[in-house]
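# Notes for the structure review
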Amino acid sequence: MANLALRDVSKSYGEHPAVRGLTLDVADGELLVLLGPSGCGKSTTLRLIAGLESADQGSIAIGGRDVTAAAAAERDVAMVFQSYALFPHMSVEENLAFGLAARRTPAAQIAAAVADVAETLGLTPLLARKPRQLSGGERQRVALGRAMVRRPSVFLMDEPLSNLDAQLRVATRAEIQRLQARLATTTVYVTHDQNEALSIGHRVGILDGGVLAQVGAPVEVYDRPASAFIAGFLGNPPMNLPPVSCDGNVARWNGGEAAVAGAPAADAVTLGVRPEHVHIDGSRWAPPIPAGVPAFDATVDLIESAGDQNLIFLIAGDASLVARVEPALRPAPGARVRAWLDPSRLHIFDPATGAALWHAS
């Protein structure tokens, strides 16, 4: 097992910077998820770690050994691809054994390692089958097993679940968590799916335009986003980000107010509040309104049902807000409701840079 360290790593394709000055530490046995929109540099980062791309500057170390100039085969990493990348003419057993066979591992050692991994992943009954005879979930397990059988220092996973349907993705996600915990192998996992990232990562690193915008525990990046970009990227639906003015105690917009005691005073800032912290009077999910917290009138614009919850789109003067409420609460479009924002869960961002200026908690 080994830790992973990237120092000021950059990579450009022509004039397009894919990764810019990336410094990142992944602890021994940690599962770090790299998250971000398409084109943010997360897959390029994985390929740089794997040695499939060469960094323009910076250094990469695995287990304290500088591998910046090392070939991919010399880095002791195993990569799981989105496309599975199985050999179609080989059986499951042959696919699992391929990496060890290529390294001229003794046959008895290969057989023992393959049998152990196949048992762990429930692949033993499938060892004689070819990839075309497997389901998507089974193919993904074979791809995971091929990486596991080598016992590498670092696992690299590039969108490994994106080809699976929603139900199978959740089940396989849990399987990956259990396996990683059991093996305690340092893992860097790339995804664009925030639910995936927040549910499996020990820490989550969010990339924006090739720059590491924030890294921290899932609850930290969700509850205390470092920028409006992160606030708007995480969450489904994302954080509400209306423009407001602030006198240091109250944030105001044309149509409403929110309590923000201790926030910086400014004529123009961005207020952040997640849908679960926009409360509607009469909702069973809304706590009692604290004394002194301002409420405001809003018009129901639209309701979206998600089965176990409703999303209510509100118009409050010149602010548009989304509230998450219980499924039984369904005010008609056009109805007027009384709403308020939880003062303990608000954020203020710089409207020019997007940087977080203040968090309520």
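Owing to the predicted nature of the structure, the values given are computational and were not obtained by experimental measurement.

Here the focus is the sheet that holds strand β9 (residues 203–208). Spatially, 6 strands are ordered β6-β7-β8-β3-β9-β10 in an open sheet, and the strand pairing comes out mixed. Every other strand in the sheet has two partners, leaving β6 (77–80) and β10 (211–216) as the edge strands with one partner each. The average angle at which neighbouring strand axes cross in this sheet is 20 degrees, direction not considered. Across 5 bridges, β9 lies against β10 in antiparallel orientation. By the bridge assignment, leucine 207 is partnered in β10 with leucine 212. Where helix α4 (residues 136–148) meets the sheet, it contacts β6 and β7 (154–158), and its direction lies at approximately 175 degrees from that of β6.

Before going further, it helps to examine the nonpolar core. Counting residues in hydrophobic clusters, the biggest one holds 42 residues, and the most contacted among them are Leu96 and Tyr189. Each residue touching leucine 96, except ones within four places of it in the same chain, is listed here: Val114, Ala118, Leu123, Leu127, Val142, Gly145, Arg146 and Val149. Counting 30 residues, the second largest nonpolar core, distinct from the first, contains Ala258, Leu314, Ala316 and Leu329.

With that out of the way, let us pick up the packing of aromatic side chains. Two aromatic rings, taken as a pair, are described by how far apart their centres are and by the angle between their planes. The tally for this structure, following the rule as stated, stands at 3 aromatic pairs. Taking 5.9 Å as the distance between ring centres and 15 degrees as the angle between the ring planes, the aromatic pair formed by phenylalanine 229 and phenylalanine 233 counts as stacked. Of this pair, phenylalanine 229 and phenylalanine 233 both sit in helix α8 (residues 228–233), 4 residues apart, which is roughly one turn of the helix. Assessed through its relative accessible area of 19%, phenylalanine 233 is described here as buried. Geometrically, the ring pair formed by tryptophan 253 and phenylalanine 296 is edge-to-face, given 5.2 Å between the ring centres and 80 degrees between the ring planes. In this pair, tryptophan 253 sits in strand β12 (residues 250–253) while phenylalanine 296 sits in strand β16 (residues 295–305), placing the two residues 43 residues apart along the sequence.

As judged from the 2 bridges shared by strand β11 (residues 243–246) and β12, these two strands associate in the antiparallel manner. Bridge assignment links cysteine 246 to a residue of β12, and that residue is alanine 251. Linking β11 back to β12 in an antiparallel pair, the connection comprises 3 residues, with glycine 248 at a positive phi of about 100 degrees. Direction of pairing for β12 relative to strand β13 (residues 256–259): antiparallel, over a ladder of 4 bridges. Within β13, the position partnered with arginine 252 by the bridge is glutamate 257.

On to the packing of helix α2 (residues 92–102) against helix α3 (residues 107–121), then. Viewed as axis vectors pointing N to C, α2 and α3 meet at an angle of 130 degrees, and their least axial separation amounts to 10 Å. Between α2 and α3, the interaxial angle falls into the category oblique. Considering the relative orientation of α2 and α3, their crossing is right-handed. In this structure, α2 uses Glu93, Leu96, Ala97, Leu100 and Ala101 to contact α3, whose residues at the interface are Ile110, Ala113, Val114 and Ala118. When grouped by side-chain class, the residues that make up the contact of α2 with α3 number 8 nonpolar, no polar and 1 charged.

Summarising the element assignment, glutamine 180 is placed in helix α5 (residues 166–183). A residue is classified by how much of its surface remains accessible, and glutamine 180, at 6% relative accessible area, is buried. Within the local environment of glutamine 180, its side chain forms a polar contact with the backbone oxygen of threonine 185, the two atoms lying 2.8 Å apart. In this structure glutamine 180 touches Gly29, Glu30, Leu31, Thr185, Thr187 and His202, once residues within four positions along its chain are discounted.

Attention now goes to the packing of α3 against α5. Two packed helices can be described by the angle between their axes and the distance between those axes. Orientation of α3 relative to α5, taken along the N-to-C sense of each, is 135 degrees, at an axis distance of 12 Å. In this view, α3 runs oblique relative to α5, as classed from their interaxial angle. Counting all contacts with α3, which are made through Asp116, Thr120 and Leu121, the residues of α5 involved are Glu175, Leu179 and Arg182. When its residues are assigned to classes, the contact of α3 with α5 shows 2 nonpolar, 1 polar and 3 charged.

In this section: the environment of histidine 89. You can see histidine 89 is positioned in the loop between β6 and α2. For the pair histidine 89 and arginine 132, spaced 43 residues apart in the sequence, the C-alpha separation amounts to 9.2 Å. When residues no more than four places from it in sequence are discounted, the contact partners of histidine 89 are Glu94 and Lys130.

Before going further, it helps to examine the sheet that holds β13. Pairing in this open sheet of 6 strands is antiparallel, and the strands run β13-β12-β11-β14-β20-β21 from one edge to the other. If you trace the sheet from one side to the other, it starts and ends with β13 and β21 (356–359), each paired once. Averaged over all pairs of adjacent strands, the angle between their axes in this sheet comes to 35 degrees, without regard to strand direction.

What the rule picks out here adds up to 10 salt bridges. Salt-bridge contacts for aspartate 193 lead to arginine 169; the nearest nitrogen and oxygen are separated by 4.0 Å. Of the two residues, aspartate 193 is situated in the loop between β8 (186–191) and α6 (194–200) and arginine 169 in helix α5; the sequence distance between them amounts to 24 residues. A salt bridge links arginine 338 to aspartate 297; its shortest N-O distance comes to 3.1 Å. A residue pair is termed long-range when its members are at least 10 positions apart, and arginine 338 in strand β19 (residues 336–341) and aspartate 297 in strand β16 qualify at 41 residues. Owing to a relative accessible area of 37%, arginine 338 belongs among the partly exposed residues under this scheme. In this structure aspartate 297 comes out as partly exposed when scored by relative accessible area, which is 38%.

Criteria and cut-off values
- The numbers attached to residues start from 1 for each chain and follow its sequence in the written order.
- Only residues with pLDDT of at least 70 get local features here, since the model is predicted, and only at 80 or more are side-chain atom pairs given and counted; chain-wide, interface and lining totals rely on the full set of residues.
- With hydrogens and water stripped out, all remaining heavy atoms of the structure feed into the side-chain values.
- Strands are labelled as partners when DSSP assigns at least two bridges between them.
- Starting at the N terminus, helices and strands are each numbered in turn, a helix being any DSSP run of H or I of at least four residues and a strand any DSSP run of E of at least two.
- The angle between two axes is taken between their N-to-C directions and runs from 0 to 180 degrees, where each axis is a line fitted to C-alpha atoms and a helix contributes only its stretch in contact.
- Any two residues whose heavy atoms approach within 4.5 Å are treated as being in contact.
- Put simply, buried Ala, Val, Leu, Ile, Met, Phe, Trp, Tyr and Cys residues joined by side-chain atoms within 4.5 Å make one nonpolar core.
- Each residue gets one of three labels from its accessible area relative to the maximum for its type: buried under 20%, exposed over 50%, partly exposed in between, using a 1.4 Å probe on protein chains only.
- Classification of ring pairs rests on two measures: the distance between centres of Phe, Tyr or Trp rings, Trp counted by its six-membered ring, which must be within 6.5 Å, and the angle between planes, read as stacked under 30 degrees, edge-to-face over 60 and tilted in between.
- Under this scheme an angle from 65 to 115 degrees is roughly perpendicular, one under 35 degrees roughly parallel, and one over 145 degrees roughly antiparallel; angles in between are oblique.
- Put simply, a crossing is left-handed when the front helix is turned counterclockwise from the back one by less than a right angle, and right-handed when it is turned clockwise.
- Charged residues are taken to be Asp, Glu, Lys and Arg, nonpolar residues to be Ala, Val, Leu, Ile, Met, Phe, Trp, Tyr, Cys and Pro, and polar residues to be all remaining types, Gly included.
- Polar contacts here mean pairs of N or O atoms no more than 3.5 Å apart (in protein, one a potential hydrogen donor and the other a potential acceptor; neighbouring residues in sequence count only if both atoms are side-chain atoms).
- When a carboxyl oxygen of Asp or Glu is within 4 Å of a side-chain nitrogen of Lys or Arg, the pair counts as a salt bridge.

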